[in-house]
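Architecture at a glance
As a plain string of letters, each chain reads:
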Amino acid sequence: MLMAPVLSDWVPEGDLAHFVSDLVESGTLGLSAIYESYEDERGYPPYDPRLMIKLLVYGYANGVMSSRKLERATFRDVAVRMLCADQHPDYRSIARFRKRHLEALGELFVQALRLCKQAKLVGLGSLALDGTKVRANASRHKAMSYERMQKKEGQLEAEIAQLRANVDALLSEAERVDAEEDERFGADRRGDELPEELQRRETRLAKIREAKQALEAQAREAETARRAEMAAEGKKPRTPPNGRDPFAPKPTAQRNFTDPQSKIMKTSDGSFHQCYSGQAIVDAEAQVIVVAELSDQAPDTQQLEPALKQLDENLQQIAAELPEGAVLTADAGYFSEENVKITSEHGLDPYIATGRFKHSEPQPPPPRGPVPKDATPKQRMARKTRTKNGREIYARRKAIVEPVFGQIGTVQDGRRVLIRGKPAARAQWRFECAIHNLLKLHRAGGLAILNTS
């Protein structure tokens, strides 16, 4: 059976591969940031960026992120052969391209959001904020607490001292007879090289000391900032228990040796893993992501303000505005009196769950009747979310945002990041969210819908 003269004839009409090809070839996706980096001609000419973008977008949309698997697909997958014009970039070239242009790939998120807005898939009347734990490219078993670092540092110092004493004894004995030295150390060795066992211990000790210094620097910076904030509020810091130095790390503070910027976080299955916290604000119209952010902090309370700041920036870039009466829903992990105020300042009506009230706290007023004048912001928010209108608005939160994380995790296999470091992890998360939005656009009718909108 002879192969068709045009590879596109082998791919069904309306397939995702055609949408990706049209998206890139038509210039709908701006690739100027990528092309500008190739102005200097050095070395072998690179693969056309359009080819590589098509390969990455199509691969990520189908949950294929491995460079080796993408290279294999250029031979085995007809749709990929069509996108790559029957060229076969090796996995090293794919990995280098992704690493070199990772930031530009992450910025495709705004372009994808603009296209969804042009296709009228974004209403902005009802938004939902939530977070998900994204596995880092590091094992939790490669992390060590500050307390254990101190113990291990002393242990390694003692072992190294003992080994050095043994080495010195051996060398002093070897100096007496050259023949014995040659026999003991070999003719090609000087005899004063450190044994491999000693080299390994010194390397481990250096890594532990580096991690200790990083934790100590973080603790000093955090405590200094905390004390400055308390001083501005007229408060005095408490003395830590057991006489611990407040500027020193807590004994349980941990640092990972593989990806130091990731943190151990509790995941949805109740286990603890090395993770980042992926944040997203999703629009209710078609579950399009309008904000994609990533943090190295597990608590969600501190993530609301950065997400809303990015929302303002994204809306400005796509020439959109929040309609009057736009609402933002979020679970109890985002509640604080300051966050309620911040949400209102950004033009959104907040519906944030307050969680349980402590016995010492004043209980929320009933959903009917007048609100007490002395009610706290937490009481007011609790009452607001318990009214009939409030329950209807907040009940939609799960249906808006949680399926998005499910789609990214299953369809795109985006539960983990492949590259280490927070900036790279953030860029990959934004690229994953851009792919999600492009898939929404494809299912809604592709580029044809842009012409009719």
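1. A look at the pairing of strand β6 (residues 289-295)
Here β6 lies mainly inside the structure; 7 of its 7 residues are buried. In this structure, strand β5 (residues 272-283) lies alongside β6, joined through 6 bridges in antiparallel fashion. Bridge pairing links Val-282 to Ile-289 in β6. Linking β5 back to β6 in an antiparallel pair, the connection comprises 5 residues, with Gln-287 at a positive phi of about 60 degrees.

2. As for unusual backbone geometry
The phi dihedral of Asp-86 falls on the positive side, at around 60 degrees, and the residue is not glycine. Using a relative accessible area of 37% as the deciding quantity, one classes Asp-86 as partly exposed. Positive phi, normally seen in glycine, also occurs at Asp-413, with a value near 55 degrees. By secondary structure assignment, the location of Asp-413 is in the loop between α15 (388-410) and α16 (422-444). On the accessibility criterion, Asp-413 (36% relative accessible area) is partly exposed.

3. Some thoughts on the side chain of Ser-277
Topologically, Ser-277 is positioned in strand β5. A polar contact is formed between the side chain of Ser-277 and the side chain of Gln-279, at a distance of 2.9 Å. In contact with Ser-277, not counting residues within four places along its chain, are Thr-132, Met-265, Glu-293, Leu-294, Ser-295, Gln-297 and Asp-300.

4. Notes on the confidence of the model for the protein
Across the protein, pLDDT averages 84, with 88% of residues at or above 70. Element-level pLDDT for the protein is lowest in helix α10 (residues 178-185), with a mean of 53, against a maximum mean of 96 in strand β7 (residues 327-330).

About the criteria used
Residues numbered from 1 in each chain as written. Predicted model: local features only at pLDDT ≥ 70, side-chain atom pairs only at ≥ 80, totals over all residues. Heavy atoms only, no water. Buried < 20%, exposed > 50% of the residue type's maximum accessible area, 1.4 Å probe, protein only. Helix = DSSP H or I, 4+ residues; strand = E, 2+ residues; numbered from the N terminus. Pairing = 2+ DSSP bridges. Polar contact = N/O pair within 3.5 Å; in protein donor to acceptor, adjacent residues only side chain to side chain. Contact = heavy atoms within 4.5 Å. pLDDT = per-residue confidence, 0-100.

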